[in-house]
Amino acid sequence: MSKVYNFGAGPAMLPEPVMEKIQQEWLDYQGMGVSVIEISHRAKEFVAILEDAQALFRELSGVPDNYRILFIHGGARMQFSALPLNLAGRKSGKRCLYFETGNFAKLASKDAKEFCNVEIAASSAETNYDRIPEYDPAIFTDDVSYVHITGNNTIYGTRWNQFPETGDVPLVADMTSEILSRQIDYSKFGVIYAGMQKNLGPSGMAMVIIREDLLGHADAKTPILLDYTAANKDNSLTNTTNTFAVYTTKLVLEWLKGQGGVAAIEKRNEAKSAKLYAVIDASDYYRGVAHPEHRSIMNVSFNLPSEELEAKFLKEAGAAGLYALKGHRNVGGIRASIYNPMPMAGVDALATFMQEFEKNNS
Ligand SMILES: *Cc1c(COP(=O)(O)O)cnc(C)c1O
């Protein structure tokens, strides 16, 4: 097998020790004689996996005790609808504020429109989402059901460095592409959710972290599997969950703990992204998409002088074992997704490739 570095945005690379462990246990989970995906979601062995994953997440994130950790079907996109269904009814006017900071942020507000009165708090569309927009904190009035942000904008490679202070209005964040990549104060949030396929595990599921007092407001028509209150009551086992995703996530969390936890991985993530931004900043050849003050440490998006050169870059990078660097179809260019599992060696290989490519093609 020839080794490649996988810079894909999601589903993304997983830590190699996690995949080896899955392979080892695949045919015989802990002496049961069956695979982990062959046992009931209600078997005590599986419930232990689920509860271990929740406990590990709590330990690694530092999320306070008055928050529940749920596994919900449908990835991040399904939560775009689940959120207003669960939270809009907190206030009679069903006013929901959305920050428009990129493609997923726009989809989140679009989906929410079916279930609440969406207002755009601020948008960076004018500068093609190269930054987090300025806003007036006076908009966070008590009659607002919740405020929604996208913590890290996966396509453009921007992130919130300082989260908005929303007072008594619950702050909700889509952290799909940055969950557990940096230390954050969970007590500032009402809900944090993340599709699992970037920093946690396989696709198709989301982790939802919700403050207890926000449960119990779901619209009466909320499908049972999207009702966070029901999920909490049933410990995320209202129906058959994606047992393989939960199992893999548990292994990823164990791996992260072995890496020294979130503080240690954040330092490494900062060092990894700094290496790529240094190459971009040292050259007029590469142009970063994100404004330097709003740069993501998870997704580094940039352009070359022409589309022809970008195509050549992708082709030669692929041949050099640097996989899936193509930017999102909406923006083109190059995007290096460097989530928690990406080793420094992968980033070093890309940085060197970028410097060589510039030398040979300018
Ligand atoms: C990838 C991504 C999504 C989409 O996740 P799905 O699980 O495919 O729905 C949503 N939001 C953000 C910020 C993402 O990076």
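Residues numbered from 1 in each chain as written. Predicted model: local features only at pLDDT ≥ 70, side-chain atom pairs only at ≥ 80, totals over all residues. Heavy atoms only, no water.

1. Some words on the site of the ligand
Put simply, the rule reads: Nearness here has a simple test: a residue counts as near a molecule or strand if at least one of its heavy atoms is within 4 Å of that partner. Any pair of nitrogen or oxygen atoms within 3.5 Å is treated as a polar contact; in protein, a donor-acceptor pairing is required on top of that, and neighbouring residues in sequence qualify only through side-chain atoms on both sides. By the criteria applied, helices consist of DSSP H or I runs no shorter than four residues and strands consist of E runs no shorter than two, each listed in order from the N terminus. In this classification, the charged set is Asp, Glu, Lys and Arg, the nonpolar set is Ala, Val, Leu, Ile, Met, Phe, Trp, Tyr, Cys and Pro, and all remaining amino acids, among them Gly, are polar.
Surveying the vicinity of the ligand reveals 13 residues, the closest of which are Arg77, Thr154, Asp174, Gln197 and Lys198. Residue Ala76 places a main-chain N or O atom 3.0 Å away from an oxygen atom belonging to the ligand. Contacts to the ligand include Asp174, whose side-chain N or O atom sits 2.6 Å from a nitrogen atom. A per-element tally of the shell around the ligand places helix H3 (residues 75-87) first, with four residues. Of the residues contributing to the shell around the ligand, the split by class is three nonpolar, seven polar and three charged.

2. A word on the nonpolar core
The test is simple: Residues enter a nonpolar core if they are buried and are Ala, Val, Leu, Ile, Met, Phe, Trp, Tyr or Cys, with the set joined through side-chain atoms within 4.5 Å. For every residue, the accessible area obtained with a 1.4 Å probe (protein chains only) is divided by the maximum for its type, and the residue is called buried under 20%, exposed over 50%, and partly exposed between those limits. Note on definitions: a residue-residue contact is assigned when non-hydrogen atoms from the two residues lie within 4.5 Å.
Phe57, Ile179, Leu180, Phe189, Ile192 and Ile209 are the most contacted members of the largest nonpolar core, which totals 55 residues. The greatest single-element share of this core, amounting to eight residues, is contributed by helix H6 (residues 243-258). With residues up to four places along the chain from it excluded, the contact list for Phe57 reads Gly62, Ile69, Ile179, Leu180, Tyr186, Met207, Ile209 and Leu253.

3. Considering the environment of Lys94
Inspection of the secondary structure assignment puts Lys94 in the loop between H3 and strand E3 (95-100). Residue Lys94 is classed as partly exposed on the basis of its relative accessible area, which comes to 28%. On a C-alpha basis, the gap between Lys94 and Ser181 in space is 32 Å, while along the polypeptide they are 87 residues apart. Here Lys94 is in contact with Ala88, Gly89, Phe115, Cys116, Asn117, Ser145 and Asp219, once residues within four sequence places are set aside.

4. Concerning the pairing of strand E10 (residues 205-211)
Test applied: The pairing criterion is simple: DSSP has to find at least two bridges between the two strands.
Among the seven residues of E10, seven are classified as buried, and the element is accordingly described as predominantly covered. Burial along E10 is two-sided: Met205, Met207, Ile209 and Arg211 facing one way and Ala206, Val208 and Ile210 facing the other are all buried. Direction of pairing for strand E2 (residues 67-73) relative to E10: antiparallel, over a ladder of seven bridges. Of the residues in E10, the one forming a bridge with Phe71 is Met207. Sheet topology note: the strand E9 (residues 191-195)/E10 ladder contains five bridges and is antiparallel. Across the sheet, the residue bridging to Tyr193 is Val208, located in E10.

5. With respect to the packing of helix H8 (residues 307-319) against helix H9 (residues 344-360)
Here is the rule: Where helices are involved, their axes are fitted lines through C-alpha atoms of the stretch in contact, as for all axes, and angles between N-to-C directions lie from 0 to 180°. With respect to orientation, any angle under 35 degrees is reported as roughly parallel, any angle over 145 as roughly antiparallel, any angle of 65 to 115 as roughly perpendicular, and every other angle as oblique. Crossings are sorted by hand: turned counterclockwise from the far helix by less than a right angle, the near helix makes the crossing left-handed, and turned clockwise it makes it right-handed.
Axis separation between H8 and H9 bottoms out at 11 Å; the angle between their running directions is 135 degrees. Viewed along their axes, H8 and H9 adopt a mutual orientation that is oblique. Taken as a pair, H8 and H9 cross one another with a handedness that is right-handed. Packed against H8, whose contacting residues are Leu309, Lys312, Phe313, Glu316 and Ala317, the element H9 presents Leu350, Phe353, Met354 and Phe357 at the interface. The residue inventory of the contact of H8 with H9, partitioned by class, reads seven nonpolar, no polar and two charged.

6. Notes on the sheet that holds strand E14 (residues 334-337)
Ordered by their spatial adjacency, three strands build an open sheet running E11-E12-E14, and the pairing between neighbours is antiparallel. The outermost strands of the open sheet, each flanked by one partner alone, are strand E11 (287-288) and E14. Across four bridges, strand E12 (residues 299-303) lies against E14 in antiparallel orientation. From the neighbouring strand, Asn299 faces E14, where its bridge partner is Ser337.

7. A few points about the domain arrangement of the chain
Basically, it comes down to this: Each domain span listed reflects an automatic or database assignment of domains. Summed over both partners, the accessible area lost on bringing two parts together, with a 1.4 Å probe, is the buried area. Any Lys or Arg side-chain nitrogen located within 4 Å of an Asp or Glu carboxyl oxygen qualifies as a salt bridge.
Under the domain assignment, the chain is made up of domain 1 (16-258) and domain 2 (261-361). In this structure, domain 1 and domain 2 have C-alpha centres spaced 27 Å apart. If you look at the interface, domain 1 gives 25 residues, while domain 2 gives 25 residues. Buried area between domain 1 and domain 2, both sides added, is near 2,300 Å², and the carbon and sulfur share of it is 53%. Summed over the three residues of domain 1 that lose the most area to domain 2, namely Ile155, Arg159 and Ser181, the buried surface amounts to 22% of that side. Between domain 1 and domain 2 we count zero salt bridges in total. At the surface where domain 1 touches domain 2, the tally comes to 15 residue pairs in polar contact (both at pLDDT 80 or more). Where the side of domain 1 that touches domain 2 is concerned, the elements lending two or more residues are strand E7 (158-159) and H6.

8. Considering the packing of helix H1 (residues 16-25) against H6
In contact at an axis separation of 9 Å, H1 and H6 are set at 130 degrees when each is read in the N-to-C sense. The angle between the axes of H1 and H6 places the two elements in the oblique class. The way H1 lies across H6 gives a crossing that is right-handed. Mapping the contact onto sequence places Pro17, Val18, Lys21, Ile22 and Glu25 in H1 and Phe244, Tyr247, Thr248, Leu251, Val252 and Trp255 in H6. The residue inventory of the contact of H1 with H6, partitioned by class, reads eight nonpolar, one polar and two charged.

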